[in-house]
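So you can see what is in the structure, the chains are spelled out below.
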Amino acid sequence: VQLQASGGGSVQTGASLRLSCVVSGSTFSVYGMGWYRQAPGKKREFVAAIDWSGRRQWYRDSVKGRFTISRDNAKSTVYLQMNSLKPEDTAVYSCAADRDSDSLVATLAGHPYWGQGTLVTVSS
């Protein structure tokens, strides 16, 4: 299973970006999907997750109301729409796939499949 993340970039405070993560090599719709980020010098942290159906989503508190996770099972893609970006959102964002959607929220590691990161830089 391969995950390919894209959509990062350099923006100013208040701007928006949409990250995408395309999954290939397996049946996308059986996996819950998660987004994580790691800022320079900091530990990886959970950002958002969505279950296989798209009916359940989870977010870290600091992004609630600004970020939206969604998925298109026909395109084998999960998205992270990020609005009202802040400098503290600057990080490398990575996607992960796991059949256990709850574990995407509960743990930061141990998920079987990861994509490479995409860098998001927000300047003030």
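Structure first, text after, so check above.
Residues numbered from 1 in each chain as written. Predicted model: local features only at pLDDT ≥ 70, side-chain atom pairs only at ≥ 80, totals over all residues. Heavy atoms only, no water.

**Q** So what about the environment of D89? Which residues, and what values?
**A** By the secondary structure assignment, D89 is in the loop between strand 8 (77–82) and strand 9 (91–98). The spacing of D89 and T121 is 32 residues in sequence and 7.5 Å in space, taken between C-alpha atoms. Apart from the residues within four sequence positions on either side, D89 is in contact with R37, R66, F67, S84, V120 and V122. A polar atom in the side chain of D89 sits 2.7 Å from the side chain of R66. (Helix = DSSP H or I, 4+ residues; strand = E, 2+ residues; numbered from the N terminus. Contact = heavy atoms within 4.5 Å. Polar contact = N/O pair within 3.5 Å; in protein donor to acceptor, adjacent residues only side chain to side chain.)

**Q** Which residues make up the pattern of salt bridges, and what are the values?
**A** If you walk through the whole model with that rule in mind, you get 7 salt bridges. The partner of R56 in a salt bridge is D51, with the nearest N and O atoms 3.6 Å apart. Between R66 and D89 there is a salt bridge whose closest N-O contact spans 2.7 Å. One end of the pair, R66, is in the loop between strand 6 (57–59) and strand 7 (67–72); the other, D89, is in the loop between strand 8 and strand 9, with 23 residues separating them in the sequence. Members of the salt-bridge network, linked through shared partners, are R37, E45, R60, R66 and D89. (Salt bridge = Lys/Arg side-chain N within 4 Å of Asp/Glu carboxyl O.)

**Q** How would you summarise the nonpolar core if you had to cite specific residues and measurements?
**A** By size, the foremost hydrophobic cluster in this structure holds 28 residues, and its most contacted members are M33, W35, L80, M82 and Y93. For this core, the secondary-structure elements that each account for two or more residues are strand 1 (2–6), strand 3 (17–24), strand 4 (32–38), strand 5 (45–50), strand 7, strand 8, strand 9 and strand 11 (118–123). For L80, the contacting residues outside a window of four places in its chain are L17, R18, L19, W35, V47, A48, F67, T68, I69 and Y93. Grouped together as the second largest cluster of nonpolar side chains are 5 residues, Y36, F46, A96 and L104 included. (Core = buried A, V, L, I, M, F, W, Y, C linked by side-chain atoms within 4.5 Å. Buried < 20%, exposed > 50% of the residue type's maximum accessible area, 1.4 Å probe, protein only.)

**Q** Go over the packing of aromatic side chains, please, and point to the residues and values.
**A** In this structure the tally under the stated criterion is 3 aromatic pairs. On the numbers, 6.0 Å between centres and 70° between planes, the contact of Y36 with F46 is edge-to-face. Here Y36 is found in strand 4, whereas its partner F46 is found in strand 5, with 10 residues between them in sequence. Judged by relative accessible area, F46 falls into the buried class, the value being 10%. Among the residues examined, Y36 registers a relative accessible area of 1% and is labelled buried. (Phe/Tyr/Trp six-rings, centres within 6.5 Å; stacked < 30°, edge-to-face > 60°.)

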